[in-house]
Amino acid sequence: MFAMILNRIGAPLEWTERPDPLPGPGEIRLKISACGVCRTDLHVVDGELPHPRLPIIPGHEIVGRVDLIGPGVSGFELGERVGVPWLGHTCQACGPCVGGHENLCDHPEFTGFTRDGGYATMAIADARFAFPLGESGADAALAPLLCAGLIGWRAFKIAGRSAGRIERLGLYGFGAAAHILAQVAVKQGHQVFAFNQTGDTATQDFARKIGADWAGGSDETPPEKLDAAIIFAPVGALVPAALRAVRKGGAVVCAGIHMSDIPSFPYSILWEERQLVSVANLTRRDGVEFLRLAPQLGVETTTKIYRLKQANAALADLRAGAFDGAAVLVP
């Protein structure tokens, strides 16, 4: 197999040949056909997420075909198309797991962070955390759903639980996750207000094209109070801005796995029962729900395709905001 490997924090990924891996008990091996490039991958490469396993193959939006099945695995067939997300394994024994919160497992493994991921031609996955994808849709189009889509869906559910009725939804940072969730929200009858970097009119036009009612800079005040806002950009300064934008009893959801420090803000913008909450990882239930819902709603991902050897260029373009939607690596 071949892979782009992170050997040292902050260094470019290196093209490497390795022996083909073998699945252990409860595992499957995939021949990878596509892997999305997520902002979390940048956080891993840059060392903003502590204690990655090094060397590591990044990537956690994996689409591939089962080509080898380990002992004790049932429910999968050779050649079946499956997806592998960020949450790669949980202990199923700690308090959070037993209490139905496997996303908060005390002993988790994360794809592309503590276990090898999808910037490769093959990957090993815990079969319990692999999702059957069926045969509808192109591999590259499905890949972003496995993290950008899933985390957006979980954030949206938490926003609804926190704020109650949502008619007007704000999305701060209009990248891979927001461009998927915006379609879901619009098709379910919600108004979407898109915020991105001030002056980035191209992304604002893109947001309106896929259904946003309003698009503007993150320093702008929306024309109406929001019921909820979801922050995808890893910028702590957006938290006070979003709190100011939501109504009484509204909610602000921080959806990123990493965010810069949140500046101090006056209590008055949190008062009146506004809620500030975070999202951590995902559960398999989130995956099953969203991967069933997305095709029903006709969600379409906007992707820019890179060859696997171009992973460093894809990460650099993601950092620079050089494309709309999501980047996807193909072998």
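Above: the structure in question.
Residues numbered from 1 in each chain as written. Predicted model: local features only at pLDDT ≥ 70, side-chain atom pairs only at ≥ 80, totals over all residues. Heavy atoms only, no water.

Asker: Before we move on, can you summarise the layout of surface pockets with the specific residues and values?
Answerer: Its boundaries defined by the atoms lining it, the second largest pocket holds a volume of some 300 Å³. Lining the second largest pocket we find 14 residues, and of these Ser-136, Gly-137, Leu-142, Leu-145 and Pro-295 sit closest to its centre. At the level of elements, helix H3 (139-142) and helix H8 (284-297) are the ones that each hand at least two residues to the lining of the second largest pocket. The element contributing the most residues to the lining of the second largest pocket is H8, with three residues. Classifying every residue of the lining of the second largest pocket by side-chain character gives nine nonpolar, four polar and one charged. (1 Å grid on protein atoms, 1.4 Å probe; cavity = no way out; pocket = protein on both sides within 12 Å on 5 of 7 lines; lining within 4 Å. Points joined across faces, edges and corners; volume = space filled by probe spheres on them. Helix = DSSP H or I, 4+ residues; strand = E, 2+ residues; numbered from the N terminus. Nonpolar A, V, L, I, M, F, W, Y, C, P; charged D, E, K, R; others polar.)

Asker: Before we move on, can you summarise the pattern of salt bridges with the specific residues and values?
Answerer: For the structure shown, the criterion picks out 22 salt bridges. Across the pair Asp-116 and Arg-18 runs a salt bridge whose closest N-O atoms are separated by 3.0 Å. Here Arg-18 lies in the loop between strand S2 (14-17) and strand S3 (27-37) and Asp-116 lies in the loop between strand S7 (109-110) and strand S8 (122-126), a separation of 98 residues in the sequence. Note on Asp-116: relative accessible area 21%, which makes it partly exposed. (Salt bridge = Lys/Arg side-chain N within 4 Å of Asp/Glu carboxyl O. Buried < 20%, exposed > 50% of the residue type's maximum accessible area, 1.4 Å probe, protein only.)

Asker: Break down unusual backbone geometry for me, citing the residues and quoting the values.
Answerer: Cis geometry marks the peptide bond from Leu-54 to Pro-55; its omega dihedral reads -10°. Inspection of the secondary structure puts Pro-55 in the loop between helix H1 (39-45) and strand S4 (62-69). The backbone of His-51 sits at a positive phi, close to 60°, despite the residue not being glycine. With respect to the helices and strands, His-51 occurs in the loop between H1 and S4. Positive phi, close to 65°, is recorded for Glu-272, a residue that is not glycine. Note on placement: Glu-272 falls in the loop between strand S14 (246-254) and strand S15 (275-278). Judged by relative accessible area, which is 27%, Glu-272 ranks as partly exposed.

Asker: Describe in detail the side chain of His-190, supporting the description with residues and values.
Answerer: Locating His-190 in the fold gives a position in the loop between helix H5 (176-187) and strand S11 (191-196). Within polar-contact distance, the side chain of His-190 engages the backbone oxygen of Ile-166 at 2.7 Å. Once you skip the residues sitting within four places of it in the chain, His-190 turns out to touch Phe-156, Ile-166, Glu-167, Ala-185 and Asp-213. (Polar contact = N/O pair within 3.5 Å; in protein donor to acceptor, adjacent residues only side chain to side chain. Contact = heavy atoms within 4.5 Å.)

Taken by themselves, the reported measurements are silent on function.
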